[in-house]
Each structure stands twice: as C-alpha cells, then as structure tokens.
Amino acid sequence: MNMIFLGPPGAGKGTHAQMLMDTLGIPQISTGDMLRKAIKAGTPVGLEAKTFIDAGALVPDDVVIRLVRERLLQQDCGKGYILDGFPRTVAQAMALGEIAAIDVVLNLDVPDAEIISRLSGRRVCGSCGGTYHVSWLNGSDKCPACGEQLIMRQDDSPETVANRLAVYKEQTAPLIKFYSDLGLLRTVMGEGTPDEIQAKVLSALHMGA
Ligand code: ADP
Ligand code: ZN
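Residues numbered from 1 in each chain as written. Chains lettered and ligands numbered in written order. Predicted model: local features only at pLDDT ≥ 70, side-chain atom pairs only at ≥ 80, totals over all residues. Heavy atoms only, no water.

Enquirer: I'm lost on the overall build of the chain in this one. Help?
Expert: On a plain count of helices and strands, the chain comes out with nine helices and eight strands. The globule rule puts the C-alpha radius of gyration for 209 residues at 17 Å, and the 16 Å found for the chain is close to it. Referenced to the eigenvectors of the C-alpha coordinate spread, the extents of the chain come out at roughly 45 × 45 × 35 Å. In the chain, which comprises 209 residues, the share counted as buried stands at 45%. For the chain, restricting intrachain contacts to residue pairs at least 6 apart in sequence, the fraction spanning at least 24 positions comes to 68%. Here the chain has roughly 10,500 Å² of accessible surface; of this, 55% comes from carbon and sulfur atoms. (Helix = DSSP H or I, 4+ residues; strand = E, 2+ residues; numbered from the N terminus. Rg over C-alpha atoms; globule rule 2.2 N^0.38 Å. Buried < 20%, exposed > 50% of the residue type's maximum accessible area, 1.4 Å probe, protein only. Contact = heavy atoms within 4.5 Å. Areas by Shrake-Rupley, 256 points an atom, 1.4 Å probe, with all protein chains shown as cover.)

Enquirer: Teacher, can you tell me more about the coordination of the zinc ion (ligand 2) here?
Expert: The expected angle between donors at a tetrahedral four-coordinate metal is 109.5 degrees. At an octahedral six-coordinate metal it is 90 or 180 degrees. Bound to the zinc ion (ligand 2) on the protein side are C125 (SG), C128 (SG), C143 (SG) and C146 (SG), at distances that span 2.3 to 2.4 Å. Relative to the metal, the four donor atoms surrounding the zinc ion (ligand 2) lie at angles of 102 to 120°, and the coordination shape comes out tetrahedral. With a relative accessible area of 4%, C125 lands in the buried category. (Donors = N, O, S within 2.8 Å, 3.2 Å for Na, K, Ca; no water. Tetrahedral: all angles 85-135°; square planar, octahedral: opposite > 155°, others 65-115°.)

Enquirer: Is there a simple way to think about the site of ligand 1 in this case?
Expert: Around ligand 1, the structure places 20 residues, and the nearest of them are T31, R36, A57, Q92 and R164. For ligand 1, a nitrogen atom lies 3.0 Å from a polar atom in the backbone of V59. Between a nitrogen atom of ligand 1 and a main-chain N or O atom of G85, the distance comes to 2.9 Å. When the free accessible area of ligand 1 is taken as 550 Å², the share hidden by the protein chains comes to 96%. Residue composition of the shell around ligand 1, grouped by class: eight nonpolar, five polar and seven charged. (Near = heavy atom within 4 Å. Polar contact = N/O pair within 3.5 Å; in protein donor to acceptor, adjacent residues only side chain to side chain. Nonpolar A, V, L, I, M, F, W, Y, C, P; charged D, E, K, R; others polar.)

Enquirer: Looking at this structure, I do not really get the side chain of R71. What am I missing?
Expert: Note on placement: R71 falls in helix α4 (residues 61–72). For R71, a relative accessible area of 15% corresponds to the buried category. Discounting residues that sit within four places of it in the chain, R71 has contacts with P27, I29, M34, D76 and C77.

Enquirer: How should I be thinking about the pairing of strand β3 (residues 81–84) in this particular structure?
Expert: Because side chains alternate across β3, one face comprises the buried residues Y81 and L83, and the other comprises I82 and D84, equally buried. As judged from the four bridges shared by strand β1 (residues 2–6) and β3, these two strands associate in the parallel manner. Paired with F5 across the two strands is D84, which belongs to β3. Here strand β2 (residues 28–30) pairs with β3 via three bridges, running parallel. The residue of β3 that forms the bridge with Q28 is I82. (Pairing = 2+ DSSP bridges.)

Structural data, given as structure tokens:
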C-alpha cells in the first residue's frame, strides 16, 4: 500500500507513520528527517535546505522531489511506503502522481491552538530520534528511551511555528481538496492520546480491531 500522511506541522504525522510502519512492515519516508540528515551530513542538499528550514519556509520543490524520487526507487519501497511530510505543495503532488500510484491519503486534522502548544513543548533526542512533549517528561531533559540529552528543534521556536502554520495553510492545505477530488482522502481528528488516534487511523484504513 502506498500512502500519504497529510496534516499541519505537529499533527503527529511522524508518530503515526512510525506506528504504521511497524504494523504494516513498509517504510516511513519523512522528507523532514531526510533533510535534517542531509544538513547534519553537510551534503549540498543539506546546505541548500538549511536556511529554508530554519526560517520555517518550504525547501524548493525541485530539491525535495528529487530526494523522494530517488528514495522511492530503493528496494524496500517495493511493497509500499508511507510518505510523511511529502507532498507539501500541489506541484509536489503532481510530480508524485507521475512516479507513484497512491492508494490512500490520511489527513490528520488538528486545531491551531493544539498545534502551537504541541510544537512549543516538543523535545527531540539528538541521538535516537525519539520525540516527546515536555508535559510527559516530569521536568527531565534526558531521553526516556536512551538517556541522551533532549533538545528543542530550532524550527519549533514560537516565531518559526507561526510561520510554518501560515505556510501550511497557504501551500499545503490545498492538497486536502486535491486528494479529496481524486477520491483518496480520509480524515481523522488528531486529538486524544497517541493510542486513541492510532486506533482511529487504523479504522480509517479499515484495519481496526
Ligand atoms: P513538521 O511536519 O513538524 O513541520 P517536518 O520534519 O515534516 O516537520 O518538516 C520540517 C521542515 O522541513 C519543514 O518546515 C520544511 O522546511 C522542510 N520540509 C520537509 N518536507 C518538505 C517538503 N515536502 N517540501 C518542502 N519542504 C519540506
Ligand atoms: Zn534517545
């Protein structure tokens, strides 16, 4: 199954894509993770992407499209994949349409106020990639999974979050209609505990218990 996770920043796309990856045994492809890796490794793509990401803007379409096109050719994508954070513009969706047959688009819907609180309280582990919210950490700044230092993503600062939300509304939200017109969209309210949301995601995919 080839699927897309759509939704505003902080909707929980990454969390639920990862849970589904474990359930379905197909890879999660996060363009945000790929770009952050490229920045860390200092590749040309990373150098180009960094200023856009730090400002909460989108990385140019041609850069991410090239990245995804190469990724989808890899062998582990043969049985399907979960796209997380791509496509984010209509141009990306059209480019994707030429290289892939998408089966379903899961739209995680979360109100603005909730997004702002989630992102400003988000902490990530630089070592294992775990993601947490300060409200679950009891004041600790260490990763519950591996014990390393937790950090705040630079683009989770309040000004950048506001910009990411504006960019989402302007450039990514039109994809809701785009995929709804294609008959592929299923919307799930992304509120509640991760387990509750995951149950709704599975039932939207007709895989519920
Ligand atoms: P979130 O969903 O929380 O915003 P991501 O990790 O998906 O976080 O993305 C972080 C940043 O990476 C985005 O704000 C953007 O700058 C860049 N990015 C990720 N995916 C794309 C994409 N498909 N097109 C353009 N920019 C992207
Ligand atoms: Zn960790």
